[in-house]
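# An overview of the molecular structure
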Amino acid sequence: MSKKVTKFNFNSSPTIDQVGINDRIARITARSIKKETKMQGLKMALNMVDLTTLEGADTDKKVIQLCNKALHLHDSFPNLPTVAAVCVYPNFVKVAKKALEGTKINVASVATAFPSGQSSLKIKLLDTKIAVNAGAEEIDMVISRGKFHEGNYSFVYDEIAAIKEACGNSRLKVILETGELGTFDAVRKASDIAIAAGADFIKTSTGKISPAATLPVTLVMLEAIKDYYYKTGIQVGMKPAGGISNSKLALQYLMLVKETLGKDWLTNKWFRFGASSLANDLLMQIVKQDTGIYQSKDYFSKD
Amino acid sequence: MAKKTIKINFDTGWDLAPAPESTGHIQLNEKYDLFIGGKWVKPSSGKYFATINPADEKKLAMIAEANEKDVDKAVKAARKAYDTVWSKMPAKERGKYIYRIARLIQEKAREFAVIETLDGGKPIRESRDIDIPLAAAHFFYYAGWADKLDYAFPNRKPKSLGVAGQITPWNFPLLMAAWKIAPALATGNTVVLKPAETTSLTALKLAEVIQEAGLPDGVVNIITGAGETGAAIVNHNDIDKIAFTGSTGVGKIIQNAIAGTHKKATLELGGKAANIIFEDAALDQAVEGIINGIYFNQGHVCCAGSRLFIQESVYDIVMRKLKDRMESLVVGNPLDKNTDIGAINSKEQLQVINKYLKIGQQEGAEMYQSNCTLPKKGYWCKPTLFTNVSQSNRIVQEEIFGPVLAVQTFRTVAEVIEKANNTPFGLSAGVWTDKGSKLFNMTSQLNAGIIWGNTFNKFDPTSPFGGYKESGFGREGGLHGLKDYLRF
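Turning next to the overall build of chain A. In terms of regular secondary structure, chain A is built from 11 helices and 8 strands. Evaluated residue by residue, chain A yields a buried proportion of 53% over its 303 residues. A separation of at least 24 residues holds for 75% of the contacts in chain A among residues at least 6 apart in sequence.

A separate point is the overall build of chain B. Scanning chain B from terminus to terminus reveals 16 helices and 20 strands. Computed over its C-alpha atoms, the radius of gyration of chain B comes to 23 Å, within 12% of the 23 Å expected for a compact globule of 488 residues. Dimensions of chain B along its principal axes, counting C-alpha atoms only, are 85 × 50 × 35 Å. Here chain B holds 488 residues, and 56% of them are scored as buried. If you take every contact in chain B between residues at least 6 apart in sequence, the share linking residues at least 24 apart comes to 72%.

Tallying the contact residues gives 27 residues for chain B and 29 residues for chain A. The element contributing the most residues to the side of chain B that touches chain A is helix α10 (residues 283–295) of chain B, with 5 residues. By residue class, the composition of the side of chain B that touches chain A is 9 nonpolar, 9 polar and 9 charged.

Once that is clear, we can look at helix α4 (residues 124–145) of chain B. If you check α4 of chain B, its first and last C-alpha atoms are 31 Å apart, about what 22 residues at 1.5 Å a residue would give, namely 32 Å. Along α4 of chain B, 17 of the 22 residues are buried, which leaves the element largely enclosed by surrounding structure.

Okay, the domain arrangement of chain B next. All names here are of chain B. Each assigned domain of chain B is listed with its residue range as follows: domain 1 (31–269 + 469–487) and domain 2 (274–453). Here domain 1 and domain 2 have C-alpha centroids that lie 30 Å from each other. Broken down by secondary-structure element, the contributors of at least two residues to the side of domain 1 that touches domain 2 are α3 (109–120) and α4. Ranked by residue count, the leading element in the side of domain 1 that touches domain 2 is α4, at 3 residues. Residues belonging to the side of domain 1 that touches domain 2 are distributed by class as follows: 5 nonpolar, 6 polar and 8 charged.

The geometry of a pair of packed helices is captured by two quantities: the angle between their axes and the separation between those axes. Interhelical geometry of helix α1 (residues 18–29) of chain A versus α10 of chain B gives an angle of 55° and a closest axis separation of 9 Å. Classified by the angle their axes make, α1 of chain A and α10 of chain B are oblique. For the pair α1 of chain A and α10 of chain B, the crossing hand works out as left-handed. Across the interface between the two elements, Gly 20, Ile 21, Asp 23 and Arg 24 of chain A from α1 of chain A touch Gln 285, Glu 288 and Gly 289 of chain B from α10 of chain B. Its residues placed into classes, the contact of α1 of chain A with α10 of chain B shows 1 nonpolar, 3 polar and 3 charged.

Moving on to the sheet that holds strand β4 (residues 48–53) of chain B. Sheet strands pair via backbone hydrogen bonds, and the direction of the pair is either parallel or antiparallel. Residues and elements named next belong to chain B. Across the sheet, which stays open at both edges, the 3 strands sit in the order β1-β5-β4 with mixed pairing between neighbours. Edge positions in the sheet fall to β1 (31–32) and β4, since each of these pairs with one other strand and no more. Relative to strand β5 (residues 58–64), β1 runs parallel, the two sharing 2 bridges. Following the sheet pairing, Tyr 32 is matched in β5 by Ile 63.

Time to look at the pairing of strand β17 (residues 428–432) of chain B. All names here are of chain B. The buried fraction of β17 amounts to 5 of the 5 residues, a majority that puts the element mostly inside the structure. Side chains Ser 428, Gly 430 and Trp 432 project from β17 onto one buried face, and the interleaved Ala 429 and Val 431 project onto a second face that is buried too. The pairing of strand β12 (residues 274–277) with β17 spans 4 bridges and is parallel. Within the sheet, the bridge partner assigned to Asn 275 lies in β17 and is Gly 430. Bridge count for β17 against strand β18 (residues 450–453) is 4 bridges, and the pairing is parallel. Bridge pairing in β18 links Ala 429 to Ile 451. Taking the sense of rotation as the criterion, the β-α-β connection linking β17, helix α15 (residues 436–445) and β18 turns out right-handed.

Residue and element names in this part refer to chain B. The element strand β11 (residues 264–268) is extensively covered by neighbouring structure, given that 4 of its 5 residues are classed as buried. Handedness of the crossover joining strand β10 (residues 241–245) and β11 through helix α9 (residues 248–258) is recorded here as right-handed. In this sheet, strand β19 (residues 472–473) lies alongside β11 in antiparallel orientation, the contact comprising 2 bridges. Directly across from Leu 267, in β19, lies its bridge partner Phe 473.

Residue and element names in this part refer to chain A. In this chain, Phe 114 is followed by Pro 115 through a cis amide linkage whose omega measures 0°. Mapped onto the elements of the fold, Pro 115 is located in the loop between β3 (106–110) and α5 (121–133). A cis amide bond, omega 0°, links Ser 210 with the succeeding residue Pro 211. Counting through the fold element by element, Pro 211 comes out in the loop between β6 (201–203) and α9 (215–232). We note that Thr 112 has phi near 60°; this positive angle belongs to a residue other than glycine.

A few words now on the sheet that holds β6 of chain A. Residue and element names in this part refer to chain A. Reading across from one edge, β7-β6-β5-β4-β3-β2-β1-β8 is the order of the 8 strands in this open sheet, with parallel pairing throughout. Each having just a single partner strand, β7 (237–239) and β8 (273–274) make up the two edges of the open sheet. In the packing of helix α3 (residues 60–71) onto the sheet, the strands contacted are β1 (49–52) and β2 (85–88), and the crossing angle to β2 comes to about 165°.

Conventions adopted
- Along each chain, the written sequence defines residue order, and numbers are assigned to residues from 1.
- In the order they appear in the text, chains get letters beginning with A and ligands get numbers beginning with 1.
- Local features in this predicted model are restricted to residues whose pLDDT is 70 or higher, and side-chain atom pairs enter the listing and the counts only when it is 80 or higher, whereas totals over whole chains, interfaces and linings include all residues.
- Note on conventions: DSSP H or I runs of at least 4 residues are helices, E runs of at least 2 residues are strands, and numbering of each starts at the N terminus.
- Backbone-placed C-beta atoms define the burial measure: a residue is buried with 20 or more other C-beta atoms within 10 Å of its own, exposed with 12 or fewer, and partly exposed in between.
- This entry defines residue contacts through backbone-placed C-beta atoms, with two residues in contact when those atoms are within 7 Å.
- Computation of the radius of gyration draws on C-alpha atoms alone. For the globule rule, the value is 2.2 Å times the number of residues to the power 0.38.
- Each residue gets one of three labels, nonpolar for Ala, Val, Leu, Ile, Met, Phe, Trp, Tyr, Cys and Pro, charged for Asp, Glu, Lys and Arg, and polar for the others, Gly among them.
- Helix span is expected to be 1.5 Å times the residue number reduced by one.
- The split of the chain into domains comes from an automatic or database domain assignment.
- Here an angle of 0 to 180 degrees is reported between the N-to-C directions of two axes, which are lines fitted to C-alpha atoms, with helices fitted over the stretch in contact.
- Here is the rule for angles: anything less than 35 degrees is roughly parallel, anything more than 145 is roughly antiparallel, 65 through 115 is roughly perpendicular, and the remaining ranges are oblique.
- Here a crossing is called left-handed whenever its near helix is offset anticlockwise from the far helix by less than a right angle, and right-handed whenever the offset is clockwise.
- At least two bridges found by DSSP between two strands are what make those strands a pair.
- Look down the strands so they point away from you; if the path from the first strand over the helix to the second goes clockwise, the crossover is right-handed.

So, in structure tokens, the structure goes:
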């Protein structure tokens, strides 16, 4: 095996000040998003959702049901956008692919010993290959948080680079699991490492650890993406995941993207929500915006 | 191959729909008289002047113009209240009245916020989240001190002064009235207050609150008018203390006028704060601090961070981030909940700001303004910054009191301290660094009354506020704020 030489300077990440981050977020959450802006935002958000099922109890039939949900969000309301992707474990990629054949909805798969990432590189590569070979267009990997805390940043970097190589043409989302990193400084450093190592997307969380995605942590990551874009002209996507269950919060995320990265990121090619319950709340709000009436939750399918 | 210029496209096509705060719930009279001796009294001149909304130039109400006679009436009412009621009342009881005022402001917070925004042009986000809650907080804070003065100043036997004449500016009308009235009442003084002539409405609404709180007649008198009314207060023989917030020019006139008299004074005057960004700072958050420092309240802030100093090694990156951030600032209708920068307070002030924009360009500075469209009616100024300036430029030396930032660079700590202190003002400063020791070294060497570390424009009633040099003397807020209303 050839030795990899990383040219990345692990001490180049800027520091982050928590008070300032919270100040900025306070300005975002004070934005009043109403009327057309709200409708447009809700539809945009719906189009960015990765419908997700990552349970030990997942079965083929459960995955097919979720795919059906993706295909038929709320058919009684015309001209709805679709969700961006369905996200499953590697062994369900084939089933999901088949269910979503001929649609624009991607299949994303978690890999690399999700969610803890505690395994050998060999296993992680194999895990990735299984998902890619089964047809996953997107791979959501986890970084080795233990190695990160040990200060072994080159390990983290090399691992991401190796998985990226194994992804081939599939897009790689790198999950930092920010809830385990402890500080904004660490989140920024992990973001910079992941981006430099070849991440197409950086993602906050697995959804298995609390806290999952938050607005402040997302801002830290968006700034990392922005700095890299200015340096290289290369766009990197962002996916907050976990804990985003209502429309109001989703709109605040979009506002944060709008004011930080602008138009080019306000598309599901570069921004995603990792959430399963968010879709129905968005649907409910869309119908409410249109009819003026809140409908019962039971009018929206739960799969 | 031509190098592609990398730019963030903020023209997203996802624009904010108008979200105006409703004005249906506010109660404004067509005409306001003077509040003297607990009653609404017609001005002896019979004259009234209009107060307008600077965002659309429409008249909001007519305000009485107090002359020397009215001032004398107000001072007499205050003296009578001091002699017969307020100085004799147990301190604990005084505190109760102040608490009551605080609670009533909270109850009417929404109405106060809307009126403040209508009359002054500041964004509703600020009047709702900062001005009004802080005003209530000041009354709450000083209410607590009323019966504890002996503990605040042990063994010094604090005594009240008598009648305080207070003159407030137009940039934070209700908040400044609170800064003045709350400590004066807590220390047992009575008050004659004159708000600025362009923004009298919330002070007059405060008079209604004071009436509702049942404060004994004459303890607080609120009279309106312009400079001449203020001069009459300053020159009245029976005033024991002048508290003034406003320009350095007027501050000097006041100090001249009271020289040789028994009158005590606190003057809170202009500023030209240095906001200093070191290369090791959290730069994205520093940029947020620059924005809050200079564009808060359209830059109508005496402690605004109007002189920006960036360490040369990070100059390019900070400027890039700053210009990007400026693009997301919403300028327009102050009543809209999404507005970040509202209207310039008055036509006169807009002329002052425009004069400085011209001077800056004539002096060879490079002007940059964000891409925003301004409403047609009303008084507006785009968020502005000047680069290619130095300490020799007038826009660096003089207080502009608008959304105008002058950007300079520095190389070393010694250099930036020298430049930061190289100003006749000394009100506030900001330092941005990740290194605690550097921060404390800076704070001990900067000649400024308030220094913020890794933040800017944060206020709290427990924290004293006031200046060095031509930014004035005396402190408002905190324990220090009591002292200037007492003798020992």
